[in-house]
Amino acid sequence: MPTAADTQEFGQRLAGLLRAGDLVILTGPLGAGKTALTQGIGAGLGVDGRITSPTFVIARTHRGGTAGLPLVHVDAYRLESLDELDDLDLDTDVADSVTVVEWGAGLADRLAESHLEIAIERDADETRSLSLHARGGDWASRLEALGQPVGAVAC
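Structure report, in brief.

About the cut-offs
Residues numbered from 1 in each chain as written. Predicted model: local features only at pLDDT ≥ 70, side-chain atom pairs only at ≥ 80, totals over all residues. Heavy atoms only, no water. Helix = DSSP H or I, 4+ residues; strand = E, 2+ residues; numbered from the N terminus. Buried < 20%, exposed > 50% of the residue type's maximum accessible area, 1.4 Å probe, protein only. Contact = heavy atoms within 4.5 Å. Axes fitted to C-alpha atoms, helices over the stretch in contact; angles between N-to-C directions. Parallel < 35°, antiparallel > 145°, perpendicular 65-115°, else oblique. Left-handed = near helix turned anticlockwise from the far one by under 90°. Core = buried A, V, L, I, M, F, W, Y, C linked by side-chain atoms within 4.5 Å. Expected span 1.5 Å × (residues − 1). Arc of directions from axis to C-beta. Pairing = 2+ DSSP bridges.

Here we take up the overall build of the chain. Secondary structure summary: the chain contains five helices and seven strands in total. Ordering the α and β elements of the chain from the N terminus gives α-β-α-β-β-α-α-β-β-β-α-β. The burial tally for the chain puts 48% of its 155 residues in the buried class. Put simply, of all contacts in the chain between residues at least 6 apart along the chain, 58% involve residues at least 24 apart.

Set out below in structure tokens:
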């Protein structure tokens, strides 16, 4: 992904596969493009409002637009335990929304029986590589429909 716009475009394509109850966990260093990917997902879902990093508010819910699916965008960077994640009371929104959790590996995994984990790496030349990892459910077949087999790197 040479640019943030390319990362957003991939997020829009990914949004076409998402449905209520889906959990997407994003990992990667600061500035890797986790929020840019979430912006693309939000655009693909047609959610209302501008998507920005929820670093200081921890979680934002964006109302569903034309597709009707709300997006719950969580930044778990400041969370130190599963209890703090539970305190956000996300379980009430997860079943009816698409939930994207930045910095969520090891914390947000238990919000759903299955999830998609996307690891974003930023190379020295500022390009980004995305590794997609299906964790249960039918994620493997959905990724193949996207043209991205399990464990694939999207560039």
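Turning our eyes to something else, we now look at unusual backbone geometry. Despite not being glycine, Glu126 has its phi angle at roughly 75 degrees, a positive value. You can see Glu126 is positioned in the loop between β5 (115-122) and β6 (128-135). With a relative accessible area of 39%, Glu126 lands in the partly exposed category.

Where helix α1 (residues 4-15) contacts helix α2 (residues 34-45), the two axes come as close as 6 Å, and the packing angle between them is 45 degrees. On the basis of the axis angle, α1 is oblique to α2. The chirality of how α1 crosses α2 is right-handed. Residues Ala4, Thr7, Gln8, Phe10, Gly11, Gln12, Leu14 and Ala15 of α1 pack against Ala36, Leu37, Gln39, Gly40, Ile41, Ala43, Gly44 and Leu45 of α2.

Of all hydrophobic cores here, the largest spans 27 residues; its most connected members are Leu37, Ile41, Leu45, Leu71 and Ile118. Counting residues in each nonpolar core, the second largest holds 10 residues, with Ala76, Leu107, Ala108 and Leu111 among its members.

Once that is clear, we can look at α1. Helix length check: α1 (12 residues) gives 16 Å between terminal C-alpha atoms against 16 Å at 1.5 Å per residue, within 8%. Among all positions in α1, only Thr7, Phe10, Gly11, Leu14 and Ala15 are buried. Looking down the long axis of α1, one finds its buried residues gathered within 145 degrees of arc, a one-sided arrangement.

This part is about the environment of His73. With respect to the helices, strands and loops of the structure, His73 is situated in strand β3 (residues 71-75). Each C-alpha atom, one on His73 and one on Thr99, is 6.0 Å from the other, the two residues being 26 residues apart in sequence.

This part covers the pairing of β5. Along β5, six of the eight residues are buried, which leaves the element largely enclosed by surrounding structure. Sheet topology places strand β1 (residues 23-27) next to β5; four bridges connect them, and they run parallel. The residue bridging Leu26 from the neighbouring strand is Ile118, located in β5. As paired strands, β5 and β6 are joined by eight bridges and run antiparallel to one another. The partner of Arg122 across the bridge, within β6, is Arg128. Counted along the chain from β5 to the antiparallel partner β6, the turn is five residues long, and its residue Glu126 has a positive phi close to 75 degrees.

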